[in-house]
Amino acid sequence: MILFFGIRPGKTTTINMNHLICSHCNQPNTLSGESNPNYFHLFWIPLYRISTTQVVSCEHCKRIYFKNEFTMEMKQAFENYG
Ligand SMILES: [Zn+2]
């Protein structure tokens, strides 16, 4: 019997951050967040979530913010989405 298991990305959630101002270009209504969960799967059935990759990007200056650069407001926006 062959076991298929590994890590698969889950569904990407886009998080509206229009109320925030980009700290790089100071433009309002340009930020959006993305949450990408990674699941451990067995036979392509997700068993549990291992980690979640979160990034925030700015449409205006194309700046990408990674988790270690998030402001309090960005963290709160992600937390509100669970
Ligand atoms: Zn910007």
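This one's a predicted model, so the numbers in the text were calculated from it and none came from an experiment. (Residues numbered from 1 in each chain as written. Predicted model: local features only at pLDDT ≥ 70, side-chain atom pairs only at ≥ 80, totals over all residues. Heavy atoms only, no water.)

S.K.: Please set out the coordination of the zinc ion residue by residue, giving values where relevant.
M.R.: At the metal site, the zinc ion is ligated by C22 (SG), C25 (SG), C58 (SG) and C61 (SG), and these contacts range over 2.2 to 2.3 Å. Given 4 donor atoms and angles of 105 to 113 degrees at the metal, the environment of the zinc ion is assigned as tetrahedral. In primary-sequence terms, the residues that donate to the zinc ion follow C-x2-C-x32-C-x2-C. With C22 in the loop between β2 (13–16) and β3 (31–42) and C61 in the loop between β4 (45–58) and β5 (64–66), this residue pair connects regions lying 39 residues apart in the sequence. By relative accessible area, which is 0% here, C22 ends up buried. For C61, a relative accessible area of 25% puts it in the partly exposed group. (Donors = N, O, S within 2.8 Å, 3.2 Å for Na, K, Ca; no water. Tetrahedral: all angles 85-135°; square planar, octahedral: opposite > 155°, others 65-115°. Helix = DSSP H or I, 4+ residues; strand = E, 2+ residues; numbered from the N terminus. Buried < 20%, exposed > 50% of the residue type's maximum accessible area, 1.4 Å probe, protein only.)

S.K.: So, the environment of K62: which residues are in play, and what are the values?
M.R.: Checked against the element boundaries, K62 lands in the loop between β4 and β5. Within the structure, the side chain of K62 is placed 3.1 Å from the backbone oxygen of E59, a separation counted as a polar contact. (Polar contact = N/O pair within 3.5 Å; in protein donor to acceptor, adjacent residues only side chain to side chain.)

S.K.: How would you summarise the packing of aromatic side chains if you had to cite specific residues and measurements?
M.R.: Aromatic ring pairs are described here by two measures, namely the spacing of the ring centres and the angle between the planes. Going through the model one piece at a time under the given rule, you end up with 5 aromatic pairs. The interplanar angle of 20 degrees and the centroid separation of 5.5 Å between the aromatic rings of F40 and Y48 together place this pair among those described as stacked. Judged by its relative accessible area of 22%, F40 falls in the partly exposed class. Given a relative accessible area of 49%, Y48 falls into the partly exposed group. (Phe/Tyr/Trp six-rings, centres within 6.5 Å; stacked < 30°, edge-to-face > 60°.)

S.K.: Could you give an account of the pattern of salt bridges, with specific residues and numbers?
M.R.: Side chains that differ in sign of charge can pair as their charged atoms come close. The full count for this structure, using the stated rule, is 1 salt bridge. With its nearest N and O atoms 3.4 Å apart, the salt bridge here joins R63 to E69. (Salt bridge = Lys/Arg side-chain N within 4 Å of Asp/Glu carboxyl O.)

S.K.: How would you summarise the environment of N68 if you had to cite specific residues and measurements?
M.R.: Tracing the backbone shows N68 in the loop between β5 and α1 (72–80). Owing to a relative accessible area of 72%, N68 belongs among the exposed residues under this scheme. The spatial distance from the C-alpha of N68 to the C-alpha of Q54 is 10.0 Å, given a sequence separation of 14 residues.

S.K.: Could you give an account of the nonpolar core, naming the residues involved and the relevant values?
M.R.: Counting residues in hydrophobic clusters, the biggest one holds 13 residues, and the most contacted among them are M17, L31, V56, Y65 and M74. Elements with a contribution of two residues or more to this core: β4 and α1. Looking at this core element by element, the count peaks at 3 residues for α1. Ignoring any residue separated from it by four or fewer positions in sequence, one finds M74 in contact with M17, L20, L31, V56 and Y65. (Core = buried A, V, L, I, M, F, W, Y, C linked by side-chain atoms within 4.5 Å. Contact = heavy atoms within 4.5 Å.)

Take it as geometry only, folks, not as evidence of what the structure does.
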